[in-house]
Amino acid sequence: SEEIVSHIHQYTGGTPRRINVLSDTLLTAAFANEDSEITMTHFKAAIQELNWSKTKNFSKSENTQSNAIFNKALIEVSENGNTIEEFAINAKTCVIGRSNRADIQLEESRVSSVHAQVVSNATDSYLVDLGSTNGTKVNNKAITKHALEHGDVIAIGKKYKLTFKLIDNQSDNTQDKTI
């Protein structure tokens, strides 16, 4: 319905990745209930499952200005101490999970399809667990939301470590943050 489409936009901000995650969650809920249509009941359940709130609407100039911070960070994925790949943080959200719809895909059974996400604004980045089955830990402590600090060690599954690096504008050096 038009009401649900409007709500999808309010909770995703029109971001394609978030639209896909929410739509997939909605379709799964309807399928599980053997319903042929998505209802507001499905929508409310999906939002609760994802632990999402309405997004702030940014004007084009605000979005362009705040996007500058996203190009100053990256996530390095390592396995057994060996770097596998690096991912630039170039959006307000970066989804981490096993699914091919995740921005950073980790192929391990202990990692949920949509496990966690890094949420960034102009000044800070946060790690948010998205209701994963096996949880997310920072410095060996289970978290639901954590303000990322330099040197944080974040565990998602057992196989991988993800390192959050801030890039210093002045010298093009990076500061390590392990996720």
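Above this text sits the structure in question.
**Notes on the packing of aromatic side chains**
Item 1. The full count for this structure, using the stated rule, is 1 aromatic pair.
Item 2. Relative to Phe43, the ring of Tyr11 has its centre 5.4 Å away and its plane inclined at 75°; by these criteria the two rings are edge-to-face. Here Tyr11, found in helix H1 (residues 2–12), pairs with Phe43, found in helix H3 (residues 40–50); they are 32 residues apart in sequence, far enough to count as distant.
Item 3. Exposure remark for Tyr11: the relative accessible area of 15% places this residue in the buried category.

**A few points about the packing of H1 against helix H2 (residues 16–32)**
Item 1. At a minimum axis separation of 9 Å, H1 and H2 run at an interaxial angle of 130°. Looking at the two axes, H1 sits oblique to H2. Taken as a pair, H1 and H2 cross one another with a handedness that is right-handed. Across the interface between the two elements, Ile8, Tyr11 and Thr12 of H1 pack against Arg18, Ile19, Leu22 and Leu26 of H2.
Item 2. A breakdown of the residues in the contact of H1 with H2 according to their chemical character gives 5 nonpolar, 1 polar and 1 charged.

**What about the side chain of Arg101?**
Item 1. Positionally, Arg101 belongs in the loop between strand S3 (93–97) and strand S4 (104–105).
Item 2. A polar atom in the side chain of Arg101 sits 2.5 Å from the side chain of Asp24.
Item 3. Apart from the residues within four sequence positions on either side, Arg101 is in contact with Arg17, Val21, Asp24, Ser113 and Val114.

**Regarding the pattern of salt bridges**
Item 1. Across all of its chains, the model carries 3 salt bridges by this definition.
Item 2. For Lys159, the salt bridge identified is with Glu79, shortest N-O distance 3.9 Å. With Lys159 in the loop between strand S10 (154–156) and strand S11 (160–167) and Glu79 in strand S1 (residues 73–79), this residue pair connects regions lying 80 residues apart in the sequence.
Item 3. On the basis of relative accessible area, Glu79 is assigned to the partly exposed category, the value being 23%.
Item 4. Note that Arg110 is salt-bridged to Glu108, the shortest N-O span being 3.6 Å.
Item 5. On the basis of relative accessible area, Arg110 is assigned to the partly exposed category, the value being 39%.
Item 6. According to the relative accessible area criterion, Glu108 is buried, its value standing at 8%.

**Focus on the pairing of S11**
Item 1. Strand direction decides the pairing type here: S1 and S11, joined by 7 bridges, are antiparallel. Paired with Ile75 across the strands is Phe164, a residue of S11.
Item 2. Here 2 bridges tie S10 to S11, and the two strands are oriented antiparallel to one another. For Ala155, the partnering residue across the bridge sits in S11 and is Lys161.

Conventions we followed
Residues numbered from 1 in each chain as written. Predicted model: local features only at pLDDT ≥ 70, side-chain atom pairs only at ≥ 80, totals over all residues. Heavy atoms only, no water. Phe/Tyr/Trp six-rings, centres within 6.5 Å; stacked < 30°, edge-to-face > 60°. Helix = DSSP H or I, 4+ residues; strand = E, 2+ residues; numbered from the N terminus. Buried < 20%, exposed > 50% of the residue type's maximum accessible area, 1.4 Å probe, protein only. Axes fitted to C-alpha atoms, helices over the stretch in contact; angles between N-to-C directions. Parallel < 35°, antiparallel > 145°, perpendicular 65-115°, else oblique. Left-handed = near helix turned anticlockwise from the far one by under 90°. Contact = heavy atoms within 4.5 Å. Nonpolar A, V, L, I, M, F, W, Y, C, P; charged D, E, K, R; others polar. Polar contact = N/O pair within 3.5 Å; in protein donor to acceptor, adjacent residues only side chain to side chain. Salt bridge = Lys/Arg side-chain N within 4 Å of Asp/Glu carboxyl O. Pairing = 2+ DSSP bridges.

Treat this as a map of the structure, not an account of what it does.
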